Structure formats: C-alpha cells, structure tokens
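Below, each chain spelled out in residue letters.
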Amino acid sequence: MICNLCPRSCRALRDDNTGSGFCGLNNRIKIARSAPHMWEEPPISGTNGSGTVFFSGCTLRCVFCQNYEISETGKGVYITEKQLAEEFKKLEAQNVHNINLVSPTPYIHLIKNALDIYKPKIPIVFNSGGYESISALKALNGYIDIYLPDFKYSADTLAREYSKADNYVETAKDAIHEMINQVGENKYDENGIMQKGVIIRHLVLPNHTKNSIGVLDIIKEKFPNTPVSLMGQYLPMHRAFEYKKLSRKITRREYEKVKTYMLDLGLEGFSQELNSADEEYVPDWNFEIVDSL
C-alpha cells in the first residue's frame, strides 16, 4: 500500500516486509500487549477493566513517551487480522467493559478488517495522540464507539520540538470535531460505564503550565461539552532528560494551577492523583497476547 493514514501523508510504501514512512511500519499488524487494563478513566476501566490492545509504532515521536519501547523501538509480535479478531473475542470473554485500541492509527485499515471478521458486543475505543487525518477518521465511521484523543499542545512550536509534528493544533481540533460528529453526545450505562462519546485527554508537562492553560482554553472554546481527562502521570522517560524543562516530574503546584483553571472554566471531567506518576503504572510489555502466537 501507499500510506496516507496519518496527517504526515508520507505516501510511504508499506508491504509485508517494508515500511519507508515516518512510523517505519510495514503492512502487518504488530502488538505488544493485550490484556484488561484498570488505569483508564473511571467510565472506561470501570470495575472489570478496559480490554486494551497496545499496537507497536506511532505516528508521533514524543521525546517523553512512556511507551517508547513499543512506539519507537518496535517491540511486539506480528499477528494476522484473524488473530486480532480472536483477541477481541478473548478480551470480551473476560467481561471487560470495552475493547481499547491504543495507538492504532497506522493499522486503521487492518483493524477494520479484523472488526469485519468479529465485532464485539461491547464498545470499541480508539485511543490516540489526537494527530489524525480526517479521511482516516471518516473511514472508521460506524466502527468506533468511543474516542480518547490526546490534546497535547496549544502551540505548534512545542509540537514540532517534542513530537516532530507540524500543524498539530489545527489538526487536533479538526480531528476531535470529526470524532464528536461521528459518535454524538456521550452516553453511559446504568453503572456509569461509557457506551459512546469522546473524552479529551491532556498530560500536564513540567514547566509548561502555559501550554496546558492554552489547551484548556481551546477545549472550552471549541468543545465545551466534552469531558476532559487531566493527567498528572508525567515521568521523565525516553529522551526527556535531553530537555531541561522536561527532566523532572510536575510539581503539585503546577498541577493544582492547571486543575484549578480547568474548574474555573467550568469544564467537566477527571483528574489524576499525582501519585500516578510512577513507573508502576507503565505497562509491562510481557506480550500477553493470543495463545496461538
């Protein structure tokens, strides 16, 4: 295939053995973990967990990525679309609340094929960095019930410096608009578990409260009725130590400043405890995947 799945529009050749684009991925599904996950937002994890499938590779290269072992170094195991469909069944049988596709963008066309083989009776979650092309999202219409996009930056200068992403702000705004148009207003079951809708995530970075406040201002202006998940889990990992401003955890003062601003804006949503900034919460890439592999 000639790939234009993400906003970079590499037009890269991707076949079974070759990946010449920004993400470097070929045209086979590669996953690093598949298991119930308890550390998502309350309406996503609930009491039984979210059935997460972590895909290898990423269309962003965030210098502070906690999942860099799979997003950049390519750890993972190749599986077929049929095996991915079987994995959906396996997770569903564990009574998870949803199937949570983490960093799925490079595999959108293959995930659709897997969902055509087997569509679980529980919601499908698209969990991404918010840097998505409208055409790729439109191709997902009818397949996805819940979108969990990040909104990382309020300035493109930061997006280029930390994630090598051009035009991130407008791209994320357009993408989230399309997501909301697709799934409509948020819907929950009688236990408060999300069935449809969008939650926008934002990770507070050290020394960058101005960036976070800018993101919240954009959300208030463009998506005032969409819940925000404010995350305090930042850990200096990967190449973060090469950047002085990113080389420490966020302080309580920084986090409370952003959290207070979010509340003052009247935005609804969720906020993490700062003790979530611990390597204990970084997934173990122990390849808990399909038995046939």
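A short tour of the structure in this document, coming up. (Residues numbered from 1 in each chain as written. Predicted model: local features only at pLDDT ≥ 70, side-chain atom pairs only at ≥ 80, totals over all residues. Heavy atoms only, no water.)

**Regarding the sheet that holds strand 13 (residues 269–271)**
- The sheet built from three strands is open, its strands ordered 11-12-13 with parallel pairing. Both outer strands of the open sheet, strand 11 (200–203) and strand 13, are each paired with one neighbouring strand and no more. Strand-to-strand twist of the sheet, defined as the mean angle between neighbouring strand axes without regard to direction, takes the value 15°.
- The pairing of strand 11 with strand 12 (residues 228–231) spans four bridges and is parallel. Counterpart to R201 in the pairing with strand 12 is S229.
- Its contacts with the sheet put helix 8 (residues 209–222) on strand 11 and strand 12, and the angle it makes with strand 11 is roughly 165°.
- In the packing of helix 9 (residues 252–265) onto the sheet, the strands contacted are strand 12 and strand 13, and the crossing angle to strand 12 comes to about 170°. (Pairing = 2+ DSSP bridges. Helix = DSSP H or I, 4+ residues; strand = E, 2+ residues; numbered from the N terminus. Axes fitted to C-alpha atoms, helices over the stretch in contact; angles between N-to-C directions. Contact = heavy atoms within 4.5 Å.)

**Here's the deal with the sheet that holds strand 9 (residues 187–188)**
- Taken in spatial order, the eight strands line up as 5-3-4-6-7-8-10-9 in an open sheet, and their pairing is mixed. Edge strands, defined here as strands with exactly one partner in the open sheet, are strand 5 (77–79) and strand 9.
- Of the pairings in the sheet, the one linking strand 8 (residues 146–149) to strand 10 (residues 194–198) comprises two bridges and is parallel in character. The partner of Y147 across the bridge, within strand 10, is V198.

**A few points about the pairing of strand 12**
- The side-chain alternation of strand 12 yields two buried faces, one formed by V228 and L230 and the other by S229 and M231.
- As a crossover connection, the stretch from strand 11 through helix 8 into strand 12 is right-handed.
- Pairing analysis gives three bridges linking strand 12 to strand 13, with the strands arranged parallel. What sits directly across from V228, in strand 13, is G269.
- With respect to chirality, the unit in which strand 12 leads through helix 9 into the neighbouring parallel strand 13 is right-handed. (Buried < 20%, exposed > 50% of the residue type's maximum accessible area, 1.4 Å probe, protein only. Right-handed = clockwise from strand over helix to strand, strands pointing away.)

**Observations concerning empty space enclosed by the protein**
- Following the criterion strictly, the structure yields one cavity of 30 Å³ or more and no others.
- Looking at the largest cavity, its volume works out to about 130 Å³.
- Lining the largest cavity are 14 residues, and of these C3, C6, C10, C23 and T59 lie nearest its centre.
- Of the residues in the lining of the largest cavity, the class split is nine nonpolar, four polar and one charged. (1 Å grid on protein atoms, 1.4 Å probe; cavity = no way out; pocket = protein on both sides within 12 Å on 5 of 7 lines; lining within 4 Å. Points joined across faces, edges and corners; volume = space filled by probe spheres on them. Nonpolar A, V, L, I, M, F, W, Y, C, P; charged D, E, K, R; others polar.)

**Quick notes on the layout of surface pockets**
- Looking at the second largest pocket, its volume works out to about 180 Å³.
- Looking at the second largest pocket, the residues that line it are I180, G184, E185, N186, V198, K222, F223, P224, N225, T226 and P227.
- Here the lining of the second largest pocket is composed, by residue class, of five nonpolar, four polar and two charged.

**Quick word on the packing of helix 8 against helix 9**
- Running from N to C, helix 8 and helix 9 cross one another at 15°; their axes reach a closest spacing of 10 Å. By the criterion of interaxial angle, the relationship of helix 8 to helix 9 is roughly parallel. Once helix 8 is placed against helix 9, the crossing between them reads as right-handed. Between helix 8 and helix 9, the residues in contact are T209, S212, I213, L216, D217 and K220 and E254, K257, V258, Y261, M262 and L265, respectively.
- When grouped by side-chain class, the residues that make up the contact of helix 8 with helix 9 number six nonpolar, two polar and four charged. (Parallel < 35°, antiparallel > 145°, perpendicular 65-115°, else oblique. Left-handed = near helix turned anticlockwise from the far one by under 90°.)

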